[in-house]
Amino acid sequence: MNVLLIGSGGREHALAWAIAESPMLDTLFVAPGNGGMSSLATCVALDVADHAAVLRFCEDHRIGFVVIGPEAPLVAGLADDLAAAGIAAFGPGRKAAQLEGSKGFTKDLCAAHGIPTAAFARFDNPGHAKAYVARHPLPLVVKADGLAAGKGVTIAETREEAERAIDACFGGAFGAAGAEVVIEEFLTGEEASYFALTDGETILPLATAQDHKRVFDGDKGPNTGGMGAYSPAPVMTEAMCQRTLEEIVRPTVAAMAERGTPYRGVLYAGLMITSEGPKLIEYNVRFGDPECQVLMPRLEDRGALLEALLATAQGGLADVRLDWRDEVALTVVMATKGYPGTYAKGSAIRGLDAAGRDPMVQIFHAGTRRDGSEIRANGGRVLNVTALGASVAEAKARAYEAVEKIDWPDGFWRTDIGWRALAREEAA
Ligand code: AMP
Ligand code: GLY
């Protein structure tokens with residue numbers, strides 16, 4: 001089978017790395033891909049927002065299955081257009097992708113089905129939103145309803161901050177994504193991510209992870225797409241995973257089926273583990289980035305992934321099993337100096353072969369391009385240096401050992417990825 005993978009980040013490199021092992025695979029194409037994937041797949045310059053062009057490419061290259069990595073094409077209905085042309089796709093259709101595409105949609109679904117989440121209200125005008133802020137205790141969380149590339153959330157400690165966030169949303173700071181606003185109660189606890197595949201009926205839990213969103217050590221500085229991650233998340237004990245499945249994920253999958261918009265794909269539940277148990281912060285309708293980079297190395301048999309993704313899309317997940325290694329996986333994101341602000345592109349990165357020689361180390365490219373025999377930085381988050389280990393301490397040491405071998409004067413990284421899990425491990 002020929003497979004087309006959509007996306008260009010470290011998540012897609014990790015997915016390509018697993019898909020490439022499948023005995024079902026003939027040729028793997030990635031659109032647009034990046035500099036690290038060329039040994040695994042053929043990178044093609046396709047405009048994925050142009051669905052007709054994607055369909056034409058699929059016909060021309062006899063693509064039997066399309067794996068959609070990022071959320072934007074899912075929310076834009078790429079899976080629906082592929083299905084209409086008779087091409088199977090991994091990832092939900094436009095209506096089911098509302099679980100990520102509209103925070104208000106998900107909050108209403110939680111309210112209707114008793115799914116634990118922060119108390120909330122939805123607004124389509126600033127006056128009512130500000131009146132709500134005046135009546136509720138701080139801090140409050142103000143969110144643009146739609147996709148805002150992770151930038152649409154403000155944790156307001158003061159009423160002025162909340163009002164500024166409301167004005168920014170309705171003033172167009174996030175474009176159409178801010179036409180509606182959700183205001184939530186602030187939850188306290190530890191955050192964790194839970195991943196499951198579902199074909200609309202059967203749910204196959206995958207694994208858990210935690211990431212570090214702030215740019216600097218000690219979880220300081222501005223938010224980023226994620227500076228590192230590890231799997232499993234120690235806070236997600238078996239009991240906590242079971243509660244998440246039964247109280248959050250299963251009722252969601254049932255509700256989506258009941259509405260006639262069954263959810264088929266990976267469901268990534270962003271959770272707050274509170275004193276009362278797991279509460280849903282948000283859903284994502286795709287794998288996390290960089291969380292995917294710590295899930296894939298923990299697969300016992302990477303070659304089984306493609307079949308599981310196909311069963312997710314076509315039904316039949318009940319017959320699929322994925323086994324997970326007990327080892328911890330930990331990834332360190334190497335970013336271009338200046339990220340998440342402005343940064344230069346094009347600096348040369350050397351030493352990747354030596355750094356990746358350890359079989360327990362995998363270097364996923366997130367934002368690179370190939371320039372002859374050189375690899376050059378081509379984005380903010382550039383490399384995901386990932387290692388497996390028998391413990392958090394071992395995975396962390398191995399990952400940083402590899403980081404130190406990479407010669408990239410224009411890069412920086414956090415030195416404390418996994419600190420919370422490491423502290424837990426040391427205390428145990
Ligand atoms: P989201 O884009 O909804 O995941 O929000 C981004 C981040 O804001 C989350 O990862 C949390 O750290 C934080 N956050 C969002 N909603 C809440 C909430 N209700 N209470 C506390 N923190 C929140
Ligand atoms: N790492 C967070 C995300 O993928 O949304």
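Calculation criteria
- Residues numbered from 1 in each chain as written.
- Chains lettered and ligands numbered in written order.
- Predicted model: local features only at pLDDT ≥ 70, side-chain atom pairs only at ≥ 80, totals over all residues.
- Heavy atoms only, no water.
- Pairing = 2+ DSSP bridges.
- Helix = DSSP H or I, 4+ residues; strand = E, 2+ residues; numbered from the N terminus.
- Contact = heavy atoms within 4.5 Å.
- Axes fitted to C-alpha atoms, helices over the stretch in contact; angles between N-to-C directions.
- Buried < 20%, exposed > 50% of the residue type's maximum accessible area, 1.4 Å probe, protein only.
- Lys, Arg positive; Asp, Glu negative; His and termini not counted.
- Salt bridge = Lys/Arg side-chain N within 4 Å of Asp/Glu carboxyl O.
- Polar contact = N/O pair within 3.5 Å; in protein donor to acceptor, adjacent residues only side chain to side chain.
- Near = heavy atom within 4 Å.
- Areas by Shrake-Rupley, 256 points an atom, 1.4 Å probe, with all protein chains shown as cover.
- Patch = residues over 30% accessible without salt bridge, like charges linked within 9 Å, V, L, I, M, F, W, Y side chains within 5 Å.
- Core = buried A, V, L, I, M, F, W, Y, C linked by side-chain atoms within 4.5 Å.
- Nonpolar A, V, L, I, M, F, W, Y, C, P; charged D, E, K, R; others polar.

> Got a sec to walk through the sheet that holds strand S3 (residues 42–43)? Specific residues and values, please.
Strand pairing within a sheet occurs via backbone hydrogen bonds; the two strands may be parallel or antiparallel. The strand order S3-S2-S1-S4-S5 describes an open sheet built from five strands, whose pairing is parallel. Because the sheet does not close on itself, it has two edges, and the strands there are S3 and strand S5 (88–90). Taken strand by strand, helix H2 (residues 51–60) contacts strand S1 (2–7), strand S2 (28–32) and strand S4 (63–68), and its axis lies near 155° from that of S1.

> So what about the pairing of strand S11 (residues 203–211)? Which residues, and what values?
Most of S11 sits inside the fold, with eight of its nine residues counted as buried. The turn joining strand S10 (residues 190–198) and S11, which pair antiparallel and follow one another in sequence, is formed by four residues; a positive phi near 105° is taken by Gly200. Pairing between S11 and strand S14 (residues 228–231): two bridges, direction antiparallel. Paired with Gln210 across the two strands is Tyr230, which belongs to S14.

> Account for the side chain of Arg381, with residues named and values stated.
With respect to the helices, strands and loops of the structure, Arg381 is situated in strand S22 (residues 381–389). Asp289 is the oppositely charged side chain nearest to the buried, salt-bridge-free Arg381, at an N-O distance of 4.2 Å. Looking at Arg381, its side chain comes within polar contact range of the main-chain oxygen of Gly225, at 3.0 Å. Residue contacts for Arg381: discarding those within four places in its chain leaves Gly225, Gly226, Asp289, Pro290, Val333, Met334, Ala335, Tyr339, Ala366 and Gly367.

> Got a sec to walk through the site of ligand 1? Specific residues and values, please.
In the neighbourhood of ligand 1, 15 residues make up the surrounding shell, with Lys143, Glu184, Leu187, Glu191 and Glu282 lying closest. At a separation of 2.9 Å, a nitrogen atom of ligand 1 approaches a polar side-chain atom of Lys143. For ligand 1, whose unbound accessible area comes to 470 Å², protein coverage reaches 88%. Secondary structure elements with two or more residues in the shell around ligand 1: strand S7 (140–144), strand S8 (153–156), strand S9 (181–185) and strand S16 (277–284).

> Report on the pattern of salt bridges, specifying residues and quantitative values.
Using the criterion set out here, one finds 25 salt bridges in the structure. For Arg286, the salt bridge identified is with Glu100, shortest N-O distance 3.2 Å. A residue pair is termed long-range when its members are at least 10 positions apart, and Arg286 in the loop between S16 and helix H10 (291–295) and Glu100 in helix H5 (residues 98–101) qualify at 186 residues. Residue Arg286 shares its accessibility class with Glu100, and that shared class is buried. What emerges from the salt-bridge pattern is a single network uniting Arg350, Asp371, Glu374 and Arg376.

> Residue-level account of a nonpolar patch on the surface, with values.
On the surface, Val153, Ile155 and Phe186 cluster together into a nonpolar patch covering about 230 Å² of accessible area. Topologically, Phe186 is positioned in the loop between S9 and S10.

> Report on the nonpolar core, specifying residues and quantitative values.
Ranked by internal contacts, the top residues of the largest apolar core, which has 50 residues, are Leu4, Val66, Ile68, Leu82, Met236 and Val249. Residue contributions to this core peak at seven residues, all from helix H9 (residues 238–258). Discounting residues that sit within four places of it in the chain, Ile68 has contacts with Ile6, Pro73, Leu74, Leu78, Ala79, Leu82, Ala89 and Phe90. Judged by nonpolar contacts, the second largest core, of 47 residues, contains Val294, Met296, Leu317 and Phe364.

> Tell me about the site of ligand 2, residues and numbers included.
Taken together, Asp211, Gly225, Tyr268, Arg286, Gly288, Asp289, Pro290 and Glu291 make up the full set of residues near ligand 2. Gly225 places a polar main-chain atom, nitrogen or oxygen, 3.3 Å from a nitrogen atom of ligand 2. Measuring from an oxygen atom of ligand 2, one finds a backbone N or O atom of Asp289 at 2.9 Å. Its free accessible area being 200 Å², ligand 2 has 88% of it covered by the protein chains. Looking at the shell around ligand 2, its residues break down into two nonpolar, two polar and four charged.

> Break down the sheet that holds strand S21 (residues 374–377) for me, citing the residues and quoting the values.
Spatial strand order, S18-S21-S20: three strands in an open sheet with antiparallel pairing. Edge positions in the open sheet fall to strand S18 (348–349) and strand S20 (368–371), since each of these has one partner strand only. Where S18 meets S21, two bridges bridge the pair, whose relative direction is antiparallel. Bridging from a neighbouring strand, Ala348 pairs with Arg376 of S21.

> Please give an account of the pairing of strand S19 (residues 361–365) that cites residues and values.
Across the five residues of S19, four count as buried, placing the element largely inside the fold. Note that S19 and S22 share five bridges and pair antiparallel. Looking at S22, one finds that His365 is bridged to Leu383.

> Describe unusual backbone geometry, naming the residues involved and giving the relevant values.
The linkage connecting Ala31 with the following residue, Pro32, adopts the cis geometry, with an omega of -5°. Turning to its location among the elements, Pro32 is positioned in strand S2. A cis amide bond links Leu138 to the next residue, Pro139, at an omega of -10°. Along the chain, the position of Pro139 falls in the loop between helix H7 (126–135) and S7. At Arg62, a residue that is not glycine, the phi angle is positive and equals roughly 45°. Looking at where Arg62 falls in the secondary structure, it is placed in the loop between H2 and S4.

> Please provide a residue-by-residue account of the environment of Arg164, values included.
Within the secondary structure layout, Arg164 lies in helix H8 (residues 159–170). Here Arg164 falls in the exposed class, since its relative accessible area comes to 56%. The spacing of Arg164 and Val403 is 239 residues in sequence and 40 Å in space, taken between C-alpha atoms.

The analysis is restricted to geometry; functional conclusions fall outside its scope.
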